[in-house]
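Residues per chain are reported as follows:
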Amino acid sequence: MRQSQLFTKTQKEAPADEVAKNAKLLIRAGFVDKLQAGVYTYLPLGLRVLKNIENIIREEMNSVGGQEILMPSLQPKENWQTTGRWDTMDDLYKVIDISGRENALGPTHEEIVVPLVKQFISSYRDLPFATYQFQNKFRMELRAKSGILRGREFIMKDMYSFHRNETDMIAYYEKMKGVYANVFERVGIGATTFLTFASGGSFSKYSHEFQTITSAGEDTIYICDKCRVAVNNEIIEDQKHACPECGGKNLRAETSVEVGNIFELKTRFSAPFNLSYKDEDGKDQSVVMGCYGIGLGRVLGTVVEVLGDEKGLVWPDAISPFGVHIVELGGSGDDIVRKESQKLYDELISKGIEVLWDDRDLRAGEKFAESDLIGIPLRVVVSSKTIASESFEIKNRATGEVSLVGKDELMAMCKAK
Ligand code: ATP
Ligand code: MG
């Protein structure tokens, strides 16, 4: 895409009321716009990153047989009364329409997915399976000061699995630990993300969270480096400051953010909706469930918190809005710089590489600063100087390394996703 066509622009300053690093950088770079506290628009650059994260998650969920659906946000009060959560969930948005009918704006989808699945499940032959969606969630979050890490409206991938018994559910749950680790590895925060033992609520001893170390987080975890797992501060009392895997007491405390979690729901939601199946002997049995959440904006914001530097955003290849940023210096009309930029642009596009081409008439310093702010992994300068030397000046955004390379070398460096 030509940068002159991009309708958003970078900004020198972030809004004064925005305190979080992720939101400040994303707003300045033109990736998101703030509508109100905890509510953001994804602009073209931001949406590209979000969709890349979404696709990685989709691939991983499909790899364990997840079937994608899309459930509504507008949810009847009765469903929420069935589980008792209409009155107990204090972050529930409730809307009343002109006829007096009450609805919840979905903060999660157990109340919808369970009655949905009930229509299709009757026998043990129908189990197990898992279904998931990417859908907006609404929560009346009291502290909406963490930018896109804690939205009042935010997109979540929520998956629900349905099983004949606990053994089967637990086997799937264990598999999900690996799948989640793959997601966080692929989006570029694998090294700083830990499988964390958390309180299981009333249905199981533990649930598991995936916590990423960052000062922007609201949680404290205790990490066992030997086992590469952590314990959430909330349950450390039970643990007597010991690793739940090896019993070791040499744990280090870190501030972190929860990027995802997995939960053994067992029959917490199948029971109130009477979701059951007939076993081999024709006896009714309750369906056993697990659920698995990841906040997409939370993940995106966490990448910014972890990798962003004083110059701006730094995107890992896998989720970057573009693979290459061509910065043309002094080109215009049909001069040689413009022609060479166009040629390189066309060649990269034909290789399946996504390219942002800064074809605007601005000073070099300004273009470089903006390029750093936007954070595309590879910057390629095309100028009369580089043309004269029959090379391209490239800069690796993450390392800051600048070098001159020939065309073949450049093309070899650029890989399609
Ligand atoms: P937290 O403790 O941070 O409030 P939660 O326990 O309420 O999270 P879940 O209800 O399990 O989270 O949601 C699953 C995932 O959705 C979380 O792991 C997180 O990635 C994301 N998430 C939760 N709340 C928000 C929010 N307000 N804004 C953005 N993402 C969120
Ligand atoms: Mg919450």
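Just so we're clear, the structure is a prediction, and the values are computed from it rather than from any experiment.

## A closer look at the pairing of strand β11 (residues 219–224)
1) Next: Within β11, five of the six residues are buried, which leaves it mostly tucked inside the rest of the structure.
2) Next: Bridge count for β11 against strand β13 (residues 252–266) is five bridges, and the pairing is antiparallel. Bridge assignment links Asp 219 to a residue of β13, and that residue is Ser 256.
3) Next: Pairing of β11 with strand β12 (residues 229–232), which is carried by four bridges, proceeds in the antiparallel orientation. Across the sheet, the residue bridging to Cys 224 is Val 229, located in β12.
4) Next: Here β11 folds back onto β12, and the loop between the two strands holds four residues, one of which, Arg 228, carries a positive phi near 55 degrees.

## Quick word on the layout of surface pockets
1) Next: Empty space within the largest pocket amounts to approximately 1,300 Å³.
2) Next: The wall of the largest pocket is formed by 49 residues, among which Arg 139, Met 156, Glu 258, Asn 261 and Phe 263 lie closest to the centre.
3) Next: Mapped by element, the contributors of at least two residues to the lining of the largest pocket are β8 (153–163), β9 (193–199), β10 (206–213), β13, β16 (288–295) and α8 (296–307).
4) Next: No other element matches β13, which puts seven residues into the lining of the largest pocket.
5) Next: Its residues placed into classes, the lining of the largest pocket shows 22 nonpolar, 12 polar and 15 charged.
6) Next: In this structure, the second largest pocket is lined by 25 residues; those nearest its centre are Asp 317, Gly 323, Pro 377, Leu 378 and Met 413.
7) Next: Sorting elements by how many residues they give to the lining of the second largest pocket places strand β20 (residues 392–396) first, with three residues.
8) Next: Classifying every residue of the lining of the second largest pocket gives 13 nonpolar, six polar and six charged.

## Here we look at the packing of helix α1 (residues 21–28) against α8
1) Next: Orientation of α1 relative to α8, taken along the N-to-C sense of each, is 95 degrees, at an axis distance of 8 Å. The angle between the axes of α1 and α8 places the two elements in the roughly perpendicular class. Listed contacts from α8 to Lys 21, Asn 22, Leu 25 and Leu 26 of α1 are Leu 300, Gly 301, Val 304 and Glu 305.
2) Next: Here the contact of α1 with α8 is composed, by residue class, of four nonpolar, two polar and two charged.

How each quantity is defined
Residues numbered from 1 in each chain as written. Chains lettered and ligands numbered in written order. Predicted model: local features only at pLDDT ≥ 70, side-chain atom pairs only at ≥ 80, totals over all residues. Heavy atoms only, no water. Buried < 20%, exposed > 50% of the residue type's maximum accessible area, 1.4 Å probe, protein only. Helix = DSSP H or I, 4+ residues; strand = E, 2+ residues; numbered from the N terminus. Pairing = 2+ DSSP bridges. 1 Å grid on protein atoms, 1.4 Å probe; cavity = no way out; pocket = protein on both sides within 12 Å on 5 of 7 lines; lining within 4 Å. Points joined across faces, edges and corners; volume = space filled by probe spheres on them. Nonpolar A, V, L, I, M, F, W, Y, C, P; charged D, E, K, R; others polar. Axes fitted to C-alpha atoms, helices over the stretch in contact; angles between N-to-C directions. Parallel < 35°, antiparallel > 145°, perpendicular 65-115°, else oblique. Contact = heavy atoms within 4.5 Å.

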